[in-house]
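Overview (structure and organization)
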Amino acid sequence: MTPATAIQLDFADGIDRKTLRRLCDRFLGVNRVRRQRAREALATRQQVVLDLLPLIFHLNHPSLPGYLDHACPYGVSHYQPDDEELAAAQRLARTFRMRSTGRRRPDIQGLYVMGSPGTLGHSVASDLDVWLCHRPDLGEAAIRRLEAKAEAVSRWADSLGLELHVFVFAAGEFREGRQRVEVNGENCGSAQHYLLLDEFYRTGIHLAGCYPLWWLIPASEETDYDALVHQLIECRFIRADQYLDFGPVPAIPEAEFLGAGVWQLYKGIDSPWKSLLKLLLIECYARDREAGPLCLAFKARVYAGHTEADRLDPYVMLYERLADWLTRMQAPERLELVRQSLYLKTGVPLTRLERVDRRWQSALLQEMVADWGWDAKQVRWLDDRHRWRAGDVQVLRRQIVAELTHSYRFLSRLARTHAISAAIRPRDMGLLGRKLYAAFQRKAGKVEMINPNLAPSLAEENLSFHHQSTQNGNADGVGGWLLYRDLENPADAFWQPVIRRSGSLVEMLVWCHCNGLLTRATRLNLRSGSSHLSLGGLRGMIEDLQTDLPVPEVAASREALLEDSRPLRILLFVNVAVDPQATLTEKGLHKLSGRHDSLGFSGGRENLVQTLDQVMLNSWHEVSVHRYEVGDTLIQCLKNILAARVVAPAEPPVITVRCHDAGHASSIERRLQTLFQDVQQSFFTGHRGPHPLRYVIEIERRYFVLQFHDGEPGFVALESRAALFEHLQKPQPTYMPVVLDRHAIEEDPALDLVCKASQPDNIQVFYQVRDRRARVWVVDEHGSLSYWEQGFTGRRHLLAPVLRFLMNIAERRQLRRTLIDAGGELDVTCAELVQRRGQWVIERRPGVTDDLPMEGFELQAVGHQEGDSPVRFDLFCGAEEFSVLEYGDQLIPAVAHYVRSRRRSGEPYPVYITDLNLPHDLDPQAYQQDLQTCQYLSYRIALERELNRGLQESV
């Protein structure tokens, strides 16, 4: 096509109004072709939307879509519907009749479509973004009505299968950056203005109303845009009411590159082809500043007389700019990715079209593909995306991620080098960064989503799971699992490519599930080798994933990304491919026992939970898998789940436990489901927490104490009952009650009663008498638990020494405090554990020491601390002093001898310490004004044990 005569405007010599009219008609000619192309790309029933949009907003007619009430603004400047539009309205609504709007002032100044409609890049998945510009003095209430009508029209379009976005704003507000809403269909937040205007000018389709004033300013004069516009209006070369001024695009400010670039990275996660093109254009704009924005090149071509629609196609011009730049940059791989992105963005499968296809889009694309030098095989591979398998997608995804990573690093480097203040709010930047992190960040256990809309489906008809022990040269069973496709004959495994290798079968299954390889129709083959896995167990796990771990179909919401990630669902697989009683199973034996706790099964107290595979879906829609098979697997898993729960105490995750192919599977499931529920309920009662407490779990004759420190969960492993009591006696910074798991120390219900009766800010003494022996527990003000046993001769001899001891400590603590704090004295209470109707219950007992007179003399201990050396004690028996300086290592025998000499009978019955004084620098690095009661009791129990041993030895 021969180009038309070039149009040149010389503002210095004066402007010819006919030339301006001819220039506007030239833009309108390009506009007509694009509008017709946009219409033809829509389905037949959808075309009515594009046809009637101007009429719908020009009239506020009850028969037309979107009508709300008579008060809604209406009227489009300079618009008169033609006969075809009126006929289309009557076909849509038989009751429609055209009414005259009179001479009232129109409320709407212009209607435009922007984006891919009417371009090479338009596809069946493309939406329709419409700018509706109202007059600047429209009232707030009227604007809200207009926005409500726009939403109603969008719903009508949606009922026809067309995604329509109508953005309502005033042109002046847009130019000044004060628009009420984001004015493109991608909700770019605060990321861009001039880049969006650049896209509008080169892709926009005028539907009705005023023309863009930008058309009338030559590209070479863009820097003088405002002065020339003023000249056109003031000298009356144009009627000001016929044009809308959105402003110039002399150059893209550097401040927009970072915000807009990060936004395109955000979009590239779910829709890579379009975003890759825009990201490369942003980089091209930033690196090649002299070339200027594409909209200026578009305008310059129109002025020069090049009005053929194909040459002015926005995507063709975008490709030509990128191809020229990347060729000069010597980046053929990136250029090839640009070509693939453009081809796939169009959605036109050239190899599946009929031989004679007269559509402009396919003809233009065929011409471009021929210029690229692509052969039929390469085009067919792109057209057959529905046949792509996991390997194909992974290769392409790596290229896409590499390009997105390159773009991110370029933008970050640009911001640092030029100290750019990005045109994006920090809140939006953080939001976009979090989505990028959730999609692309690699971290331990995270399952990679390999198909971000690259292929329609990766579903496989047949998948084979092989344990590594089935491979040649690995008969010992070392290794993990291998995944094959369509492997009907296991012997062919050596010759077939492996889809995936993994040390964890669950990780492999979750990867297949999340990436769509596994469906309910997929046939399964299994070679379990030395592992203990059956085909039924494999199918059971897959069913669990399909039922309990739905793969999110949409990206995480904006609200979710603005908050820290939290677990939504947790699926626990127990003993995958493992038999916890393998040795007995091989012999055909199974233990019988009255003890059915899966964590302490049978008389041998065996732990039936050998391995755990934890699958977690979080609120950012990340899926992770962690396998616990070494060490204290259950406690490690429990600790990590508690850590994840801390983020959102009020929103507990759904936890499901599944066990297949293992002995006692159902009892294991019930036990762990109950355990995880009980632990969470304890630490997060009332959906708040973590609450300060110590949770005791018994596993295989060992004890584990779970506890939070500074908001972080941790655990202590203890090898014996004695070690457990020693740990529970340790001082705590605040009140820290002890909570026993429902199956912990089941043979000692008294301990559970004592723990449940614990209360803060007092000292509680509990005792139990059985067979002339007494068991004593003291729970102090912070919940620390002291325990000992002694002979029982009567309640007076049992209670008087300990109560007197506690009273002495309480009095001394109270005397140290100021008068202002005098009200903080701790109460000392006493209770006995007795059996009533076969059940152990707690009954209160008097605790006043005056009612329990003591015989003999007071036995006091005064401690001394020197540096890091152990505390040493001076003992006072009545008025007699026994100093460690004097007696040294013979202190205890000396005191024992003295005590026996004072007794008439000479019998070695127990001796009790009635008072004990400790130094306040027990911790050499810190001074403790108030020692905890448990610290006094700890030294008392140890001293009494030594003294009574000395009495026995001196007999």
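Residues numbered from 1 in each chain as written. Predicted model: local features only at pLDDT ≥ 70, side-chain atom pairs only at ≥ 80, totals over all residues. Heavy atoms only, no water.

Comments concerning the overall build of the protein
Of the regular secondary structure elements, the protein holds 29 helices and 27 strands. Here the C-alpha atoms of the protein give a radius of gyration of 41 Å, more than 25% beyond the 30 Å that 2.2 N^0.38 yields for 955 residues. Oriented by its inertia axes, the alpha-carbon framework of the protein measures out at about 135 × 80 × 60 Å. Taking all 955 residues of the protein together, the buried fraction comes to 54%. Of the roughly 44,500 Å² of accessible surface on the protein, a fraction of 48% belongs to carbon and sulfur atoms. On the protein, the mean spot of the 114 positive side-chain charges and the mean spot of the 124 negative ones are 5 Å from each other. (Helix = DSSP H or I, 4+ residues; strand = E, 2+ residues; numbered from the N terminus. Rg over C-alpha atoms; globule rule 2.2 N^0.38 Å. Buried < 20%, exposed > 50% of the residue type's maximum accessible area, 1.4 Å probe, protein only. Areas by Shrake-Rupley, 256 points an atom, 1.4 Å probe, with all protein chains shown as cover. Lys, Arg positive; Asp, Glu negative; His and termini not counted. Charge placed at Lys NZ, Arg CZ, Asp CG, Glu CD.)

A word on the packing of helix α9 (residues 272-287) against helix α13 (residues 332-346)
Contact pair α9 / α13: the axes reach a minimum separation of 8 Å and the direction vectors enclose 135 degrees. Taken together, α9 and α13 sit at an angle that is classed as oblique. Helix-helix and strand crossings are classified by hand; for α9 and α13 the assignment is left-handed. Facing α9, whose interface residues are Trp-273, Lys-274, Leu-276, Leu-277, Leu-280 and Glu-283, α13 presents Arg-334, Leu-337, Val-338, Ser-341, Leu-342, Leu-344 and Lys-345. The residue inventory of the contact of α9 with α13, partitioned by class, reads eight nonpolar, one polar and four charged. (Axes fitted to C-alpha atoms, helices over the stretch in contact; angles between N-to-C directions. Parallel < 35°, antiparallel > 145°, perpendicular 65-115°, else oblique. Left-handed = near helix turned anticlockwise from the far one by under 90°. Contact = heavy atoms within 4.5 Å. Nonpolar A, V, L, I, M, F, W, Y, C, P; charged D, E, K, R; others polar.)

A few points about the sheet that holds strand β26 (residues 880-882)
Note on sheets: strands pair through backbone hydrogen bonds, and any given pair is parallel or antiparallel. Spatial strand order, β26-β25-β24-β27: four strands in an open sheet with mixed pairing. Where the open sheet ends on each side, the last strands, each with one partner, are β26 and β27 (915-917). Shown here is a sheet whose adjacent strand axes are inclined to one another by a mean of 15 degrees, direction ignored. Two strands pair when backbone bridges link them, and strand β24 (residues 859-864) and strand β25 (residues 872-877) are joined in this way by six bridges, in the antiparallel orientation. The partner of Leu-859 across the bridge, within β25, is Cys-877. In the packing of helix α29 (residues 933-953) onto the sheet, the strands contacted are β24, β25 and β27, and the crossing angle to β27 comes to about 115 degrees. (Pairing = 2+ DSSP bridges.)

Let's talk about the pairing of strand β23 (residues 839-845)
Here seven bridges tie strand β22 (residues 827-836) to β23, and the two strands are oriented antiparallel to one another. Within β23, the position partnered with Glu-832 by the bridge is Glu-843. What sits between the antiparallel neighbours β22 and β23 is a turn of two residues, in which Arg-837 has the positive phi angle 55 degrees.

Examining the packing of helix α22 (residues 633-645) against helix α23 (residues 665-683)
Relative orientation of the contacting elements α22 and α23 amounts to 40 degrees, with a least axis distance of 11 Å. Taken together, α22 and α23 sit at an angle that is classed as oblique. The crossing of α22 and α23 is right-handed. Touching Leu-634, Cys-637, Leu-638, Ile-641, Leu-642 and Arg-645 of α22 are Leu-672, Leu-675, Phe-676, Val-679, Gln-680 and Phe-683, all from α23. Looking at side-chain class alone, the contact of α22 with α23 contains ten nonpolar, one polar and one charged residues.

A short note on the confidence of the model for the protein
The pLDDT averaged across the protein works out to 87; a share of 91% of its residues lies at or above 70. Scored below 50 in pLDDT, residues 184-190 shows 22 contacts in the model against residues more than four places distant or in partner chains. (pLDDT = per-residue confidence, 0-100.)

A few points about the packing of aromatic side chains
Throughout the structure, instances matching the rule amount to 29 aromatic pairs. On the basis of an interplanar angle of 5 degrees and a centroid distance of 4.9 Å, the ring pair of Phe-27 and Trp-215 is categorised as stacked. With Phe-27 in helix α1 (residues 17-40) and Trp-215 in the loop between β5 (211-212) and α7 (225-234), this residue pair connects regions lying 188 residues apart in the sequence. Accessibility assignment for this pair places Phe-27 and Trp-215 in one class, buried. Look at Phe-200 and Tyr-201: their rings are 5.7 Å apart centre to centre, the planes differ by 45 degrees, and that puts the pair in the tilted class. Classification of Phe-200 by relative accessible area gives buried; the value is 2%. For Tyr-201, a relative accessible area of 4% translates into the label buried. (Phe/Tyr/Trp six-rings, centres within 6.5 Å; stacked < 30°, edge-to-face > 60°.)

Focus on the state of the cysteines
Counted by the stated rule, this structure contains zero disulfides. No disulfide involves Cys-24; its sulfur sits 11 Å from that of Cys-210, the nearest cysteine. Classification of Cys-24 as buried rests on a relative accessible area of 0%. Among the cysteines around Cys-295, which has no disulfide bond, Cys-284 carries the closest sulfur, lying 14 Å off. (Disulfide = S-S within 2.5 Å.)

Describing the sheet that holds strand β17 (residues 712-718)
Pairing is mixed in the open sheet, where four strands are placed in the order β17-β16-β15-β18. Each edge of the open sheet carries a strand with a single partner, namely β17 and β18 (738-740). Along the sheet, successive strands turn relative to each other by an average axial angle of 25 degrees, direction set aside. Strand direction decides the pairing type here: strand β15 (residues 694-699) and β18, joined by three bridges, are parallel. Bridge pairing links Tyr-695 to Val-739 in β18.

Side note on unusual backbone geometry
Across the junction of Gly-689 and Pro-690, the peptide omega takes the value 5 degrees, indicating a cis bond. By the element assignment, Pro-690 lies in the loop between α23 and β15. One non-glycine residue, Arg-701, adopts positive backbone phi at about 65 degrees. Mapped onto the fold, Arg-701 is located in the loop between β15 and β16 (702-709).

With respect to the environment of His-864
Relative to the helices and strands, His-864 resides in strand β24. The exposure class of His-864 is partly exposed, given its relative accessible area of 35%. Considered as a pair, His-864 and Glu-698 are 166 residues apart in the sequence and their alpha carbons are 38 Å apart. When neighbours within four sequence positions are excluded, His-864 is seen to be in contact with Pro-870, Val-871, Arg-872, Asp-874 and Pro-919. Within the local environment of His-864, its side chain forms a polar contact with the side chain of Asp-874, the two groups lying 2.7 Å apart. (Polar contact = N/O pair within 3.5 Å; in protein donor to acceptor, adjacent residues only side chain to side chain.)

Here we look at helix α28 (residues 891-902)
An ideal rise of 1.5 Å per residue puts 16 Å on twelve residues; α28 measures up with 17 Å between its terminal C-alpha atoms. Among the residues of α28, Leu-891, Ile-892, Ala-894, Val-895, Ala-896, Tyr-898, Val-899 and Arg-900 are the ones counted as buried. (Expected span 1.5 Å × (residues − 1).)

Overview of the nonpolar core
Formed by 147 residues in total, the largest nonpolar core has its most connected members in Trp-131 and Phe-246. The element that contributes the greatest number of residues to this core is α9, accounting for ten residues. Grouped together as the second largest cluster of nonpolar side chains are 44 residues, Ile-763, Leu-859, Ala-861 and Leu-916 included. (Core = buried A, V, L, I, M, F, W, Y, C linked by side-chain atoms within 4.5 Å.)

Side note on the pattern of salt bridges
With the rule as written, the count across this model stands at 49 salt bridges. Between Lys-299 and Glu-222 there is a salt bridge, with the nearest N and O atoms lying 2.9 Å from each other. Within this pair, whereas Lys-299 is found in helix α10 (residues 294-304), its partner Glu-222 is found in the loop between β5 and α7, the two being separated by 77 residues in sequence. Close ionic contact of Asp-548 with Arg-658 constitutes a salt bridge, the shortest N to O distance being 3.5 Å. Here Asp-548, found in helix α19 (residues 535-548), pairs with Arg-658, found in strand β14 (residues 654-659); they are 110 residues apart in sequence, far enough to count as distant. The exposure class assigned to Arg-658 is partly exposed, which follows from its relative accessible area of 23%. What emerges from the salt-bridge pattern is a single network uniting Arg-104, Arg-105, Asp-107, Arg-135 and Asp-137. (Salt bridge = Lys/Arg side-chain N within 4 Å of Asp/Glu carboxyl O.)

So, the environment of Leu-111
Within the secondary structure, Leu-111 is located in strand β1 (residues 108-114). Along the backbone, Leu-111 and Ala-390 are 279 residues apart, and their C-alpha atoms lie at a distance of 45 Å.

Things to note about the environment of Val-48
With respect to the helices and strands, Val-48 occurs in helix α2 (residues 47-58). Given the relative accessible area of 19%, Val-48 is considered buried. Setting aside its immediate chain neighbours within four residues, Val-48 contacts Trp-156 and Leu-160.

Some words on the side chain of Arg-34
With respect to the secondary-structure elements, Arg-34 resides in helix α1. The charged side chain of Arg-34 is buried without a salt bridge, its nearest counter-charge being Asp-313 at 6.1 Å. Only 2.8 Å separates the side chain of Arg-34 from the backbone oxygen of Arg-202, close enough to count as a polar contact. Not counting residues within four places of it along the chain, the set of residues in contact with Arg-34 comprises Gly-118, Arg-202, Thr-203, Gly-204, Ile-205, Phe-298, Leu-312, Asp-313 and Pro-314.

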